[in-house]
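Notes for the structure review
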2 protein chains.
Amino acid sequence: MRMEDTICALSTPQGMGGIAVIRISGTDTFPILKSVFKPRSTRHQLENAQPYSLLFGEILDKDIVVDEVMVGIFKNPNSYTGEDVAEISCHGSVYIQEQILKVLLNNGCRLADPGEYTMRAYIAGKMDLSQAEAVADLIESESKAAHQVAIQQMRGGFSEEIKQLREELIQFASLIELELDFGEEDVEFADRTELLKLLSKIKTIVTRLLDSFETGRVIKNGVPVAIVGAPNAGKSTLLNALLNEEKALVTDIPGTTRDAIEDEINIEGIKYRFIDTAGIRETKDLVESLGIKKTFEKIDQSGIVLYLFNAEHLVSNPELIKNEIQILRNQIGQKKLVLVANKIDLISKDQADRITIDEALIKISALTKTGVDELISQLTSYVNLNALHSNQTIVTNARHAAELNMSLQDLIKVEEGMAAGISSDFIAMDIRQVLKHLGNIIGVVDVDQDILGTIFGKFCIGK
Amino acid sequence: MRMEDTICALSTPQGMGGIAVIRISGTDTFPILKSVFKPRSTRHQLENAQPYSLLFGEILDKDIVVDEVMVGIFKNPNSYTGEDVAEISCHGSVYIQEQILKVLLNNGCRLADPGEYTMRAYIAGKMDLSQAEAVADLIESESKAAHQVAIQQMRGGFSEEIKQLREELIQFASLIELELDFGEEDVEFADRTELLKLLSKIKTIVTRLLDSFETGRVIKNGVPVAIVGAPNAGKSTLLNALLNEEKALVTDIPGTTRDAIEDEINIEGIKYRFIDTAGIRETKDLVESLGIKKTFEKIDQSGIVLYLFNAEHLVSNPELIKNEIQILRNQIGQKKLVLVANKIDLISKDQADRITIDEALIKISALTKTGVDELISQLTSYVNLNALHSNQTIVTNARHAAELNMSLQDLIKVEEGMAAGISSDFIAMDIRQVLKHLGNIIGVVDVDQDILGTIFGKFCIGK
């Protein structure tokens, strides 16, 4: 970490646009800015600039005008990084973006590493580590639920919870450590009953947080749904029907259109990733059996398995369908299985009413969109979002889950130690471990440089 | 044009980034902002906001926090559009960009049309039409020369020149029209000798501007260079050698990397577009002769033709090479021809010194990069950039060139009419035509709605 440098980077997305923003942060922000910025008038002079003001003028490369720009002024400590910060709004030509960065580099800036602005904000105490991580999650959020969880975490919801737990535990730890100072005298400042109560309470909370990680993972990465079905079962028609459903729900705003990922569909704020697979028909053919192996691999990666078949086949050859379902059921273990009979528009209403396979069968026509709503409810009912709707903290970050898990193990160790009557100094040590793991989440203790590198290295440049 | 609406759009490039900027402009900017913005503290209240200040707070969708944002405040008439403007800096998640736009649309904004901010700036008199067009050129500029010309034009260089010519001419036009009011009395307020002098001066300037369009086109669109050569002549090695030359010249700044277009190379601030063609060997084979036809079509679209051949062939079979050069020469007319013998590393130095074809032959090895510098000088010497280096105005816009051309025709008409002694009212009419065409360039006269639509329709959304 080279905090003494003044850094610069493009903070807006790469490419051409109406405007682009280049951010400078560090001790020399204003001296460097002064050497490249020519104010339009005295009103826009850097010397008189108030914090949170905008200056209009030109960026000069020696005597060449690179662009007419607007510069936002933020003064230490009231800025994103806590340092002096300037945000240059320029015309969004790639050439101009490059030229302005080049001028800044020539005048003493260094190009920022990915996430370095946020890392500086963390080091300056503007946010804790879990909040900093939430900034990256927020930028990457693609669904309502992911956005909601990230913004809550960025605004300190999770941190507050962890901080409180730690504070209560720190009190006990200090009392126990105080006892150690009076080692000879056999005093007991820390009330053991109260401590056990607290440990139990913390265990409950940590367990709940760990449980929420199941939902958190779904929120962050989406629900992988493997679609198993023969090539003519109507998989792509079904995906289109689901996509249309999604499009009908969201306003499509031109100018922000993201690249549509054909098999990712947002349903009620959760991303479902549909994984196409080949069928599973039992066969002696080598090529086909390789296909089945691949299907099984994809099923392994999924959370829900959707078995799609032609309703006509259930009429003409029910045993075949039932056989395939049996093979699937043997394969998927605890995963949820959704059975969907497609193309009910091709059989009579009477037939459609009668077909059954002794299972909760969903009858649809992807073509006419009959039954698609029911399928959607079925899918969403399989995703446990109680934690989301109860407004409780949801852990979405694997690093946090790992630390929580380690603190849980240490909590159990403390309890067991106390039950076994081990001496206070060991108990104090184990409590310190719990505190360390909880502290790692929010970064209040000395966090390993490697961890910081991993966290901030995942950021985009300019944030 | 629906100027009474308040418009919003994403102004930064599409996609994910550290931050994104959404711009609002129009009469209701601040009322709409007030309904969605919750200031962090009283210091950041919209009511007390000074022009050119930044407010920190949250964008709310009813009671849901969409994002923590910074908002730049610009008050009518001191803004880009001349209207009340707010620029919302949010986290660069695509989801957040969409949500903020959605909230703004729900609260009374309309999504801006492409270029609508700049069109409003033009209509408010913040810039004239040629300056507005320069904004689009500036955003699209990819080379030093294109950037330099666009920024000069945006800053009013060209407009000033046209305005002065018009003003001088308007004086004469008014005097002549005054004469018409005294029709019976045969007075002559406008000095005919002075008028002829002025017409001649304007003709000279307009002609110079029209001439500059040759350079302007090159600056804006690059120089198309057709590379003619057999498949094994080393075309792609040559392109790589030229590309490396370019890369050595520019600092590569991560975070702004544009998609490399393999056959576009920037040399001394000018873009050269290399067009690959098949060879031109004379043949009776139908397929091959179709190939030659295509080569000739590509030559037609180019400004420079680069004939690349294997130096070994000039040693072994000079007549073949000379024959091909003759075919080319017959085909290309006035275009520049560059003759390049490649692979001189494969023949002895002695042979290399001796090979000749009675032409300015450039001997290179694209592989070892021998002679590539000389080739580059040859290419650049064929591009007339005098106008660029003399710091004179350069016309880059086909619309401007067309208007200049029409005004030139009308200037000639005025001169001819005066020589033929036609009556003053006809002269006045022709002068009005000159004024109209010059005026169309900067948009001081009533510009056709269709023209405005065409000009601003080419902009990106958000500018």
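Residues numbered from 1 in each chain as written. Chains lettered and ligands numbered in written order. Predicted model: local features only at pLDDT ≥ 70, side-chain atom pairs only at ≥ 80, totals over all residues. Heavy atoms only, no water.

1. Some points on the domain arrangement of chain A
Think of interface size as the accessible area that goes away when the parts come together; that is how it is often given. Residue and element names in this part refer to chain A. What the domain assignment lists for chain A is domain 1 (7-127), domain 2 (131-217 + 393-443) and domain 3 (222-365). The centre of domain 1, based on its C-alpha atoms, is set 40 Å off from the matching centre of domain 2. Each partner contributes residues to the interface: domain 1 has four residues there, and domain 2 has five residues. Here domain 1 and domain 2 share an interface that buries about 350 Å² over both sides, 68% of which is from carbon and sulfur atoms. (Domains from an automatic or database assignment. Contact = heavy atoms within 4.5 Å. Buried area = accessible area lost by both parts, 1.4 Å probe.)

2. Quick notes on the pairing of strand β6 (residues 85-92) of chain B
All names here are of chain B. The buried count for β6 comes to eight of eight residues, which makes it a mostly enclosed element. Across eight bridges, strand β2 (residues 17-25) lies against β6 in antiparallel orientation. For Ile24, the partnering residue across the bridge sits in β6 and is Ala86. Strand direction decides the pairing type here: strand β5 (residues 64-74) and β6, joined by five bridges, are antiparallel. Pairing of Val71 across the sheet is with Ile88, part of β6. (Buried < 20%, exposed > 50% of the residue type's maximum accessible area, 1.4 Å probe, protein only. Helix = DSSP H or I, 4+ residues; strand = E, 2+ residues; numbered from the N terminus. Pairing = 2+ DSSP bridges.)

3. Considering a nonpolar patch on the surface
Residues A:Leu175, A:Leu178, A:Phe182 and A:Phe189 make up a contiguous nonpolar surface patch of about 300 Å² in total accessible area. One can find A:Phe189 in the loop between α6 (157-181) and α7 (192-221). (Patch = residues over 30% accessible without salt bridge, like charges linked within 9 Å, V, L, I, M, F, W, Y side chains within 5 Å. Areas by Shrake-Rupley, 256 points an atom, 1.4 Å probe, with all protein chains shown as cover. Salt bridge = Lys/Arg side-chain N within 4 Å of Asp/Glu carboxyl O.)

4. Let's talk about the interface of chain A and chain B
Each partner contributes to the interface: chain A provides 66 residues, whereas chain B provides 64 residues. Linking chain A with chain B are four salt bridges. Residue B:Glu68 is joined to A:Arg155 by a salt bridge in which the shortest nitrogen-to-oxygen separation is 2.9 Å. Linking chain A to chain B there are 14 residue pairs in polar contact (both at pLDDT 80 or more). Contributions of two or more residues to the side of chain A that touches chain B are made by β2 (17-25), β4 (53-61), β5 (64-74), β6 (85-92), α2 (94-106), α4 (129-140) and α5 (144-154) of chain A. Its residues assigned to classes, the side of chain A that touches chain B shows 29 nonpolar, 22 polar and 15 charged. (Polar contact = N/O pair within 3.5 Å; in protein donor to acceptor, adjacent residues only side chain to side chain. Nonpolar A, V, L, I, M, F, W, Y, C, P; charged D, E, K, R; others polar.)

5. Some words on the packing of α4(A) against helix α17 (residues 449-457) of chain A
Residues and elements named next belong to chain A. Between α4 and α17, the least distance of the axes is 10 Å, while the angle of their chain directions is 25°. It follows that α4 is roughly parallel to α17 by the angle criterion. Counting all contacts with α4, which are made through Leu129, Ala132 and Glu133, the residues of α17 involved are Leu452, Ile455 and Phe456. Along the lines of polarity and charge, the residues of the contact of α4 with α17 split into five nonpolar, no polar and one charged. (Axes fitted to C-alpha atoms, helices over the stretch in contact; angles between N-to-C directions. Parallel < 35°, antiparallel > 145°, perpendicular 65-115°, else oblique.)

6. So, the sheet that holds strand β13 (residues 361-363) of chain A
All names here are of chain A. Read from one edge of the open sheet, six strands run β9-β10-β8-β11-β12-β13, paired in mixed fashion. Lying at the two open borders of the sheet, with one neighbouring strand each, are β9 (264-267) and β13. If you compare each strand with its neighbour and ignore which way they point, the axes differ by 30° on average. Relative to β13, strand β12 (residues 336-342) runs parallel, the two being bridged by three bridges.

7. Let's talk about the side chain of B:Asp84
All names here are of chain B. Mapped onto the elements, Asp84 comes out in the loop between β5 and β6. With no salt bridge to any partner, buried Asp84 finds its closest opposite charge in Lys75, at an N-O distance of 7.4 Å. When near neighbours in sequence (up to four residues on either side) are disregarded, Asp84 contacts Ile24, Ser25, Gly26, Thr27, Thr29, Phe30, Phe74, Lys75 and Asn76. (Lys, Arg positive; Asp, Glu negative; His and termini not counted.)

8. Describing the pattern of salt bridges
Residues and elements named next belong to chain B. The full count for this structure, using the stated rule, is 46 salt bridges over all chains. A salt bridge links Glu47 to Lys34, with the shortest nitrogen-to-oxygen separation between them at 2.6 Å. With Glu47 in the loop between β3 (37-39) and β4 (53-61) and Lys34 in helix α1 (residues 29-36), this pair connects stretches of sequence that are 13 residues apart. Three or more residues joined by partner-sharing salt bridges are found here, namely Asp5, Glu83, Arg110, Asp113, Glu116 and Arg120.

9. Some remarks on the relation of the copies chain A and chain B
Structural alignment of chain A on chain B gives an RMSD of 0.2 Å, achieved by rotating through 180° and translating 0.0 Å along the axis. In the structure described here, the two chain copies are related by an operation that fits a two-fold rotation axis. It is A:Ser53 whose C-alpha, among those of chain A, lies nearest the rotation axis, at 2.1 Å. (Least-squares fit on C-alpha atoms with pLDDT ≥ 70 in both.)

10. Focus: the packing of helix α4 (residues 129-140) of chain B against helix α16 (residues 424-442) of chain B
Residue and element names in this part refer to chain B. Relative orientation of the contacting elements α4 and α16 amounts to 40°, with a least axis distance of 5 Å. The pairing of α4 with α16 is recorded here as oblique in orientation. Here Leu129, Ser130 and Glu133 of α4 come into contact with α16, specifically with Asn440, Ile441 and Ile442.

11. Quick look at α6(A)
Here α6(A) is 25 residues long and its end C-alpha atoms lie 37 Å apart, about the 36 Å a rise of 1.5 Å per residue gives. Taken residue by residue, α6(A) has A:Phe158, A:Ser159, A:Ile162, A:Leu165, A:Arg166, A:Leu169, A:Phe172, A:Ala173, A:Ile176 and A:Glu179 as its buried positions. (Expected span 1.5 Å × (residues − 1).)

12. Here's the deal with α16(B)
In a regular helix each residue adds 1.5 Å, so 19 residues correspond to 27 Å; α16(B) covers 27 Å between its end C-alpha atoms and thus fits that length. Two residues or fewer after α16(B) comes B:Gly443, characterised by a positive phi angle close to 75°.

13. A word on unusual backbone geometry
All names here are of chain A. Cis geometry marks the peptide bond from Asn76 to Pro77, where omega comes out at 5°. Tracing the chain through its elements places Pro77 in the loop between β5 and β6. For Tyr52, which is not glycine, the phi dihedral falls at a positive 60°. Position of Tyr52 among the secondary structure elements: in the loop between β3 (37-39) and β4. With a relative accessible area of 12%, Tyr52 lands in the buried category.

14. Points about the sheet that holds strand β13 (residues 361-363) of chain B
Residue and element names in this part refer to chain B. What the six strands build is an open sheet, ordered β9-β10-β8-β11-β12-β13; its pairing is mixed. This sheet does not close on itself; its edge strands, each paired only once, are β9 (264-267) and β13. Mean inter-strand twist for the sheet, computed between neighbouring axes without regard to direction, equals 30°. With seven bridges connecting them, strand β11 (residues 304-310) and strand β12 (residues 336-342) associate as parallel partners.

15. A closer look at the environment of A:Val372
Residue and element names in this part refer to chain A. Note that Val372 resides in helix α13 (residues 372-381). Taking relative accessible area as the criterion, Val372 reaches 1% and is therefore assigned buried. With 134 residues separating them along the chain, Val372 and Leu238 place their C-alpha atoms 8.4 Å apart.

16. What about the environment of A:Glu68?
Considering the arrangement of structural elements, one finds A:Glu68 in strand β5. Remark: the alpha-carbon pair of A:Glu68 and A:Ile88, spanning 20 residues in sequence, is separated by 9.9 Å. Discounting residues that sit within four places of it in the chain, A:Glu68 has contacts with A:Arg40, A:Phe56, A:Gly57, A:Glu58, A:Ser89, A:His91, B:Met154 and B:Arg155. One polar contact links A:Glu68 to A:Arg40, side chain to side chain, over a distance of 3.1 Å. Engagement of the side chain of A:Glu68 in a polar contact is seen with the side chain of B:Arg155, the distance being 2.9 Å.

17. So, the confidence of the model for chain A
Residue and element names in this part refer to chain A. The predicted model of chain A averages 87 in pLDDT, with 93% of residues at 70 or higher. Of all the helices and strands in chain A, helix α14 (residues 386-389) carries the lowest mean pLDDT, 71, while helix α1 (residues 29-36) carries the highest, 98. Ignoring residues within four places in sequence, the model shows residues 255-260, a span with pLDDT below 50, making twelve contacts including any to other chains. Interface predicted TM-score (ipTM) for the complex: 0.82; the corresponding pTM is 0.82. (pLDDT = per-residue confidence, 0-100.)

18. Some details on the state of the cysteines
By the definition in use, this model includes zero disulfides over all chains. No disulfide involves A:Cys90; its sulfur sits 12 Å from the nearest other cysteine sulfur, which is in A:Cys8. Judged by relative accessible area, A:Cys90 falls into the buried class, the value being 2%. Unpaired in terms of disulfides, B:Cys8 finds its nearest cysteine sulfur in B:Cys109, a separation of 4.4 Å. A relative accessible area of 0% means that B:Cys8 is categorised as buried. (Disulfide = S-S within 2.5 Å.)

19. Observations concerning the packing of aromatic side chains
Residues and elements named next belong to chain A. In the structure shown here, the tally under the stated rule is eight aromatic pairs over all chains. Ring geometry for Tyr52 versus Phe74: centroids 5.6 Å apart, planes at 85°, classification edge-to-face. Of this pair, Tyr52 sits in the loop between β3 and β4 while Phe74 sits in strand β5, and the two are 22 residues apart along the sequence. A residue is classified by how much of its surface remains accessible, and Phe74, at 5% relative accessible area, is buried. Here Tyr307 and Phe309 contribute two aromatic rings whose centre-to-centre distance is 5.3 Å and whose plane-to-plane angle is 35°, an arrangement assigned as tilted. Of the residues examined, Phe309 reaches a relative accessible area of 4% and is grouped as buried. Taken together through their ring pairs, the aromatic side chains of Tyr122, Phe456 and Phe459 make up a single cluster. (Phe/Tyr/Trp six-rings, centres within 6.5 Å; stacked < 30°, edge-to-face > 60°.)

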